[in-house]
Amino acid sequence: MKKILSLLVVLACVVMFGSAVYASTDTVKTINASADFASSGEVYISFNLKNLADDSTATAIAWNPSAVTLNSGTETWKTAQQYAVMVASVTKTTGAIYIYQDNKSNSTDYVATNPRTNQDGTKAFSGLVRKGSGGGESRGYIPLSYTMSATKLPSSYEYNTGASTARYLTDKSDLKSDGSTSNLNVAYTTIANINGFVGGVTGETGTYALTGVTGDTAYMYFGAGFKDVQGGDTYKTEQILVLTFQE
């Protein structure tokens, strides 16, 4: 019993001592501490086109016409003769690098004035525009896609839209099925962000990183889905835009 009583006395003393200390203090000054990196970081990309056959420098993307079957009603995807070597650095949380099209800004022969309707009902201005057509539903466009790779692929690479890193190019004027609301999804246009190069999109809004990248270098390959192409046709886009963004 004596031991228990002694313990209670000690605890009571501690509480009283603590109360006495805090009751006698006065705040002299309140100080903030911070580490501000708001103006730090960068958003940078070099985007250089190379010829798939020999890795020489290229200035535009093109397809081999002899590889395309004319008057075919089956959509067949073919790999472009060029690819892109990208070196990117995004060290700002709000930074990103985008790729998309603006076919309404093409020159007169290839300007897109009418969209096509995709299988999901959305209205698309993206892709290659047939000369003089203004786009539209009938043979107005050839769809474009790109795929990301952490390593350089062989010159014999055959484009596969089913690859996990393959994404359709979108146009800034693409519309949802209601025909009035923008369908430009930022997730689908992002090729690099704070997490590195983007390997794909999950949940329609989120992106996941491309794995296996070394030296901040990745590669982009282009595909086009040819269908109902006729001799004498020319398809083109002049507005594939690669942009950096930072707030």
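Here we come to the packing of aromatic side chains. Evaluated as defined, the whole model comprises 7 aromatic pairs. Centre to centre, the rings of Trp 77 and Tyr 168 are 5.8 Å apart; their planes meet at 65°, and the pair counts as edge-to-face. Placement of the pair is Trp 77 in strand E2 (residues 76-90) and Tyr 168 in strand E9 (residues 166-168), with a sequence separation of 91 residues. Taking relative accessible area as the criterion, Tyr 168 reaches 45% and is therefore assigned partly exposed. Considering the side-chain rings of Tyr 83 and Tyr 221, the 5.3 Å spacing of their centres and the 10° angle between planes classify their relative orientation as stacked. Residue Tyr 83 is located in strand E2, and its partner Tyr 221 is located in strand E13 (residues 217-226); the two are separated by 138 residues in the primary sequence. Accessibility expressed as a relative area gives 2% for Tyr 83, which makes it buried. Owing to a relative accessible area of 1%, Tyr 221 belongs among the buried residues under this scheme. The cationic tip of Lys 104 hangs over the ring face of Phe 125; the distance from NZ or CZ to the ring centre is 4.7 Å.

Turning to unusual backbone geometry, a few remarks are in order. Look at Asp 216: it is not a glycine, yet its phi comes out positive at around 60°. Structurally, Asp 216 is set in the loop between strand E12 (206-209) and E13.

Next up on the list: the layout of surface pockets. The volume enclosed by the largest pocket comes to roughly 1,100 Å³. Looking at the largest pocket, it is lined by 36 residues, and the ones nearest its centre are Arg 116, Asn 118, Gln 119, Ala 124 and Tyr 168. Among the elements of the structure, strand E4 (116-117), strand E5 (123-124), strand E8 (144-149) and E9 are those that each provide at least two residues to the lining of the largest pocket. What lines the second largest pocket is a set of 28 residues, and nearest its centre among them are Ile 61, Ala 62, Trp 63, Leu 128 and Tyr 235. Only strand E1 (43-51), E13, strand E14 (235-236) and strand E15 (240-245) provide two or more residues apiece to the lining of the second largest pocket.

Met 86, Ile 191 and Met 220 are the most contacted members of the largest nonpolar core, which totals 31 residues. Contributions of two or more residues to this core are made by E1, E2, strand E3 (96-101), E8, strand E10 (190-193) and E13. Not counting residues within four places of it along the chain, the set of residues in contact with Met 86 comprises Ile 45, Ser 46, Phe 47, Met 148, Ile 191, Phe 197, Asp 216, Thr 217, Ala 218, Tyr 219 and Met 220. Leu 52, Trp 77, Ala 166 and Tyr 219 belong to the second-largest nonpolar core, a separate cluster that totals 10 residues.

Applying the stated rule across the entire model yields 3 salt bridges. One salt bridge connects Asp 233 with Arg 139, and the closest N-O pair in it is separated by 2.5 Å. Residue Asp 233 is found in the loop between E13 and E14, and its partner Arg 139 is found in the loop between strand E6 (128-130) and strand E7 (141-142); the two are separated by 94 residues along the sequence. Judged by its relative accessible area of 22%, Asp 233 is partly exposed.

Note on placement: Ala 192 falls in strand E10. Note on Ala 192: relative accessible area 1%, which makes it buried. With 134 residues separating them along the chain, Ala 192 and Ala 58 place their C-alpha atoms 23 Å apart. Residue contacts for Ala 192: discarding those within four places in its chain leaves Ala 88, Val 90, Ala 96, Ile 97, Phe 197 and Val 198.

Bringing the side chain of Lys 92 into the picture now. Note on placement: Lys 92 falls in the loop between E2 and E3. The side chain of Lys 92 is buried and forms no salt bridge, while Asp 36, the nearest opposite charge, is found at 8.9 Å. Ignoring any residue separated from it by four or fewer positions in sequence, one finds Lys 92 in contact with Ala 38, Ser 39, Ser 40, Gly 41, Glu 42, Val 43, Ile 194, Gln 246 and Glu 247.

Before going further, it helps to spend a moment on the sheet that holds E10. Taken in spatial order, the 5 strands make up an open sheet running E12-E11-E10-E3-E15, and their pairing is antiparallel. Among the strands making up the open sheet, the edge pair consists of E12 and E15. The average angle at which neighbouring strand axes cross in this sheet is 30°, direction not considered. Direction of pairing for E10 relative to strand E11 (residues 196-202): antiparallel, over a ladder of 2 bridges. The partner of Asn 193 across the bridge, within E11, is Gly 196.

Thresholds, definitions, all that
- Residues numbered from 1 in each chain as written.
- Predicted model: local features only at pLDDT ≥ 70, side-chain atom pairs only at ≥ 80, totals over all residues.
- Heavy atoms only, no water.
- Phe/Tyr/Trp six-rings, centres within 6.5 Å; stacked < 30°, edge-to-face > 60°.
- Helix = DSSP H or I, 4+ residues; strand = E, 2+ residues; numbered from the N terminus.
- Buried < 20%, exposed > 50% of the residue type's maximum accessible area, 1.4 Å probe, protein only.
- Lys NZ or Arg CZ within 6 Å of the ring centre and 35° of its normal.
- 1 Å grid on protein atoms, 1.4 Å probe; cavity = no way out; pocket = protein on both sides within 12 Å on 5 of 7 lines; lining within 4 Å.
- Points joined across faces, edges and corners; volume = space filled by probe spheres on them.
- Core = buried A, V, L, I, M, F, W, Y, C linked by side-chain atoms within 4.5 Å.
- Contact = heavy atoms within 4.5 Å.
- Salt bridge = Lys/Arg side-chain N within 4 Å of Asp/Glu carboxyl O.
- Lys, Arg positive; Asp, Glu negative; His and termini not counted.
- Pairing = 2+ DSSP bridges.
- Axes fitted to C-alpha atoms, helices over the stretch in contact; angles between N-to-C directions.

Don't take any of this as a statement about function, it's just geometry.
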